[in-house]
Amino acid sequence: FAEVSRQAKVHATDWSWGALIFDADNDGLKDIFVANGIVKDLTDFDYVDFYVNNQEDIIEFKKDSVLLTKMINEFPSNPQQNYWFKNYGDWKFENQSSSQGLDQLTFSTGAVYGDLDNDGDLDLIVNNLNDRAFIYQNLAVENNLGNYLQLDLGNAFGAKVICFANGNRYFQEFQPVKGYLSSVDQTIHFGLGKVEVLDSIHVIWPDQQLTTMVKVKTNQKIKPERNVGIPMFQTPLIETTAFQQVDLNLPFSAPQSEFIDFDRDRLRFWMISDEGPKVAKADVNGDGLDDLFIPGAMDYSSTLWIQTRDGKFTSSNSPLFEKDKRAEDVAGSFQDLNGDGFVDLIVASGSIEFPMNDLSYQDRIYFNDGKGNFTTIASPFLPSPTAFILAEDLDGDGDLDLVSGVRSIPFAYGVPSGVNLWQNDGQGNFSPFPNQLGENLKSIGMLTSGSFSDLDGDGVSELIMVGEWTPIMIYALVNGQFINRSQDFGISSAAGLWNTVLVDDLNGDGKPDILAGNRGLNTRMTTSPASELRMLVNDFDQNGAVEQILVSQQAEGAIPWVMKNTLLKQIPSLRKQLLTYASYQNKTLESLFPESILSKSVTLSAQTLATTLWINNGSEKFNEQVLPPEIQQAPVYAIEIISTPSGRIKVLLGGNQARIKPELGSQMGSYGWSLDLQPDGSWKAQLPSESGLFVPGEIRDFQQLKINNHPYLLVIRTNENPIAFDIR
């Protein structure tokens, strides 16, 4: 299971009890009813603070043995409205309680459904505390909203029913106990929309006997017969999956440091110090086998793994990397930097654990002697947290120059950073480019990923980059300077919280496309023109420390996301304005800080949180293509395109993020997705049972490699061991 309530927008229903999933309007899609309310609101923070700040009263109440009674009696009591979410398909729900006659304020608990008037739709009964029970008549049949079918299975609890019609499949399991200490009508009810005749029905009884009926008319109640002697139901065999998990002789795990971003920046909501590692692959010793470099977190040494002929991996050059283990290495890249024909190693050091200009942020170069023996050279690079390093011949002299994207400025998260460009003298010695080549790349945002690719087929590669609170950016090298050409290529200017980007030919037409991994839609955060997600960065209390305040920019002003207690810990000067939680409700930044302060803020905004695919149409323009909703279940940190031995093309996406404050909730809705291109050009997300790809945890990288001349997929996870899959 993957938790997707935030993506479906059904996650926030106050203090909820009975929950029912049933097709209330007979349209073929199951809706959700939630019974809501609590007589005494135990979560009223103003009430809690009152008692915390009045210890003398508590002592007196304890003496008289009336503390609990006194507290309970004085808890606020506010009745709540129940929720009914109509299902529109593709995980899109809308609360229509008020418009559908469920607008009463109550303290509801138990709830059940049943066809009380035998008209073919499910009526609703709700139990209320300190009030009479409510019975709601369903008018779906009277309003001709859809057809139905009802089945009486007696007491065959656990039986399963599958209805087939027009290529669609409708499923229910006979379990009537639900709705909080309640039991619903024991008749199984299917809403079927416009279906008038079902192609077939399978009833799988608890003992796995199978009853099959064909050409069953709708709008009736039937009682299937259990046919003795009919063959047992057999679970359909799944075709051989493209991936099969295997054991890999790679004794490595990717532990993360104990650094907590929130200890430094109290007002931030998610961490960025756990975004690695990104693995590098190459044949470093000339034996024709794939070797691996895996970056290590702070205080954990990076490792180089040499593959042996028997398919095992042995650690190499360990003392060399041990010297630099203080750094948080986030990525590696193998490139021939000194022109000797052997791949050298570039290591990107990033994260934000250290102070500004700390030497642990310096990227490093290790030269290879061709036999897999590496030596380090003095680092010419600036000590700034790196997100990625790319190798490209920028000056046309035949050697590889380097482009490094800066992730963030330590102790100033949110202040835009940029790109560093390093010129190669042909011998692997690097220095900053002396001209204005990178003038337009200095302060473009907090970068996370980049790639070079010839998007327009002119023989010159463009630089594609993404970052937090940035749009997808495309820069072309024109007359010795990088120029932003994103709009020329038709790429949306919508900024996102991008984590990664893959530039490759995804649809097989020979042209590079762009797939960018974003925060996803399975989050409490939303953004729209009426309520745009923004982050203001400023020294709001003028004490020399930078704060970041996440807001929703609405017509009345900027509404903060941060909790009152957290805000006051960071900015104590606001205490006189915010004496109670009630006083903080719907407060805007404009009412908390003077314009003279707010006007100095760096304001970042995001217009989209969705992982996005842009298809190259071949005329220097890209068209956005819709991705399956499953892809939006979690943040995407890793993307890979794979060609299986049978010639099938698959696009893999992985991510998740656990280090998020409870106010937003962790985003762990993905087990890795495998996308298949369909004949009509759309994409289908395979279930783990269909693809064979099932990876719990936080995926940070995919890496293909060959072992014994057979393709494998290595999945790198933060704080866990890697997982390997046979590519079939």
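Definitions and cut-offs
Residues numbered from 1 in each chain as written. Predicted model: local features only at pLDDT ≥ 70, side-chain atom pairs only at ≥ 80, totals over all residues. Heavy atoms only, no water. Helix = DSSP H or I, 4+ residues; strand = E, 2+ residues; numbered from the N terminus. Rg over C-alpha atoms; globule rule 2.2 N^0.38 Å. Buried < 20%, exposed > 50% of the residue type's maximum accessible area, 1.4 Å probe, protein only. Contact = heavy atoms within 4.5 Å. Areas by Shrake-Rupley, 256 points an atom, 1.4 Å probe, with all protein chains shown as cover. Phe/Tyr/Trp six-rings, centres within 6.5 Å; stacked < 30°, edge-to-face > 60°. Lys NZ or Arg CZ within 6 Å of the ring centre and 35° of its normal. 1 Å grid on protein atoms, 1.4 Å probe; cavity = no way out; pocket = protein on both sides within 12 Å on 5 of 7 lines; lining within 4 Å. Points joined across faces, edges and corners; volume = space filled by probe spheres on them. Nonpolar A, V, L, I, M, F, W, Y, C, P; charged D, E, K, R; others polar. Pairing = 2+ DSSP bridges. Salt bridge = Lys/Arg side-chain N within 4 Å of Asp/Glu carboxyl O. Core = buried A, V, L, I, M, F, W, Y, C linked by side-chain atoms within 4.5 Å. Polar contact = N/O pair within 3.5 Å; in protein donor to acceptor, adjacent residues only side chain to side chain. Axes fitted to C-alpha atoms, helices over the stretch in contact; angles between N-to-C directions.

A. Structural detail: the overall build of the protein chain. Looking only at helices and strands, the protein chain features 11 helices and 49 strands. The C-alpha radius of gyration computed for the protein chain amounts to 30 Å, which stays within 12% of the reference 27 Å derived for 728 residues, consistent with globular compactness. Projected onto its principal axes, the C-alpha positions of the protein chain cover 85 × 75 × 50 Å. Burial analysis of the protein chain (728 residues in total) assigns 55% to the buried set. Counted over contacts in the protein chain with a minimum sequence separation of 6, partners at least 24 positions apart contribute 57%. Of the accessible surface of the protein chain, which amounts to about 32100 Å², a share of 51% is contributed by carbon and sulfur atoms.

B. Seen up close, the packing of aromatic side chains. Counting across every chain of the model gives 15 aromatic pairs. Here the aromatic rings of Phe-45 and Tyr-581 are separated by 5.1 Å at their centres, their planes lie at 45°, and the arrangement is tilted. Taken as a pair, Phe-45 in helix α2 (residues 45–52) and Tyr-581 in helix α8 (residues 581–584) lie far apart in primary sequence, 536 residues in all. Clustering of aromatic rings is evident, with ring pairs tying together Phe-293, Phe-321 and Tyr-366. Sitting above the plane of the Tyr-413 ring, Arg-268 keeps its charged end 4.1 Å from the centroid. We note Lys-564 situated over the ring of Tyr-581; from NZ or CZ to the ring centre the distance is 4.2 Å.

C. Representation of the layout of surface pockets in the model. A volume near 1800 Å³ is recorded for the largest pocket. Forming the boundary of the largest pocket are 39 residues, of which Phe-1, Trp-91, Arg-169, Phe-171 and Leu-687 lie nearest the centre. The computed volume of the second largest pocket comes to approximately 1400 Å³. Along the wall of the second largest pocket there are 34 residues; nearest its centre are Asp-14, Phe-45, Arg-524, Met-563 and Gln-585. Among the elements that make up the lining of the second largest pocket, the one with the highest residue count is α8 (3 residues). Tallied by class, the residues present in the lining of the second largest pocket amount to 13 nonpolar, 11 polar and 10 charged.

D. Structural context of the pairing of strand β49 (residues 723–727). The buried fraction of β49 is high, at 5 of 5 residues. Pairing of strand β17 (residues 243–246) with β49 involves 4 bridges; the strand directions are antiparallel. Its bridge partner being in β49, Phe-243 is matched across the sheet by Ile-727. Summarising the sheet, strand β48 (residues 710–717) and β49 pair through 4 bridges and their orientation is antiparallel. Its bridge partner being in β49, Val-715 is matched across the sheet by Ile-723. Following β48, the chain reverses through 5 residues before pairing antiparallel with β49; Asn-719 in that reversal takes a positive phi of roughly 70°.

E. The arrangement of unusual backbone geometry in detail. The step from Gly-276 to Pro-277 runs through a cis peptide bond, and the omega angle for that step is 5°. Mapped onto the secondary structure, Pro-277 falls in the loop between α5 (261–264) and β18 (280–282). Look at Asn-166: it is not a glycine, yet its phi comes out positive at around 55°. Within the element layout of this structure, Asn-166 appears in the loop between β11 (160–165) and β12 (168–173). The class for Asn-166 is exposed, based on a relative accessible area of 61%. Phi at Trp-469 is positive, roughly 65°, even though this residue is not glycine. Mapped onto the elements, Trp-469 comes out in strand β31 (residues 462–470).

F. Structural view of empty space enclosed by the protein. Overall, the coordinates contain 1 cavity of 30 Å³ or more when judged by the stated rule. Every residue lining the largest cavity is listed: Leu-267, Arg-268, Phe-269, Trp-270, Tyr-413, Met-535, Gln-548, Ile-549 and Leu-550. For the lining of the largest cavity, the element with the most residues is strand β38 (residues 547–554), which contributes 3 residues. A breakdown of the residues in the lining of the largest cavity according to their chemical character gives 7 nonpolar, 1 polar and 1 charged.

G. How the structure looks around the pattern of salt bridges. Summed over all chains, the structure comprises 23 salt bridges. A salt bridge links Lys-511 to Asp-509, with the shortest nitrogen-to-oxygen separation between them at 3.0 Å. Taking relative accessible area as the criterion, Asp-509 reaches 31% and is therefore assigned partly exposed. With a shortest N-O distance of 2.8 Å, Arg-534 and Glu-532 are connected by a salt bridge. On the accessibility criterion, Arg-534 (24% relative accessible area) is partly exposed. Its relative accessible area of 14% is what places Glu-532 among the buried residues.

H. Region of the structure containing the nonpolar core. In this structure, Trp-270, Trp-469, Met-525, Leu-550, Leu-567, Leu-589 and Phe-593 are the most contacted members of the largest nonpolar core, which totals 41 residues. Among the secondary structure elements, those contributing two or more residues to this core are β37 (532–538), β38, α7 (564–570), α9 (589–592), α10 (595–598) and β40 (602–606). Leaving out residues up to four positions away in the same chain, Leu-550 has contacts with Phe-269, Trp-270, Trp-469, Met-525, Leu-533, Arg-534, Met-535, Ile-559, Pro-560, Trp-561 and Val-562. Ranked by size, the runner-up nonpolar core spans 20 residues in total, among them Cys-163, Ile-188, Val-203 and Val-216.

I. Structural detail: the pairing of strand β44 (residues 649–655). Burial of β44 is extensive: 6 of the 7 residues sit out of reach of the surface. Where strand β43 (residues 636–643) lies against β44, 7 bridges are found, and the strand directions are antiparallel. Paired with Ile-641 across the two strands is Val-651, which belongs to β44. A loop of 5 residues connects β43 with β44, the two strands running antiparallel in sequence, and Gly-647 in this loop sits at a positive phi of about 95°. Looking at chain direction, β44 and strand β45 (residues 673–677) are connected through 4 bridges and run antiparallel. Its bridge partner lying in β45, Lys-650 is registered against Asp-676.

J. Layout of the side chain of Ser-417. Topologically, Ser-417 is positioned in the loop between β27 (401–406) and β28 (419–424). Residue classification places Ser-417 among the buried residues on the basis of a relative accessible area of 6%. At a separation of 3.2 Å, a polar atom in the side chain of Ser-417 contacts the main-chain carbonyl oxygen of Val-406.

K. Local environment of the sheet that holds strand β9 (residues 134–136). With antiparallel pairing, the 3 strands of this open sheet are ordered in space as β7-β8-β9. Each end of this open sheet is capped by a strand with a single partner; those strands are β7 (108–114) and β9. Ignoring strand direction, the axes of neighbouring strands in this sheet form an average angle of 15°. In this sheet, β9 lies alongside strand β8 (residues 123–128) in antiparallel orientation, the contact comprising 3 bridges. Bridge assignment links Ile-125 to a residue of β9, and that residue is Ile-135.

L. Layout of the environment of Asn-538. One can find Asn-538 in strand β37. In the structure, Asn-538 is positioned 124 residues away from Pro-662 in sequence and 24 Å away in space, judged by C-alpha atoms. Filtering out sequence-adjacent residues up to four positions away, Asn-538 remains in contact with Ala-545, Val-546, Glu-547, Ile-597, Leu-598, Lys-600 and Ser-601. A distance of 2.9 Å separates polar atoms of two side chains, one belonging to Asn-538 and the other to Ser-601.

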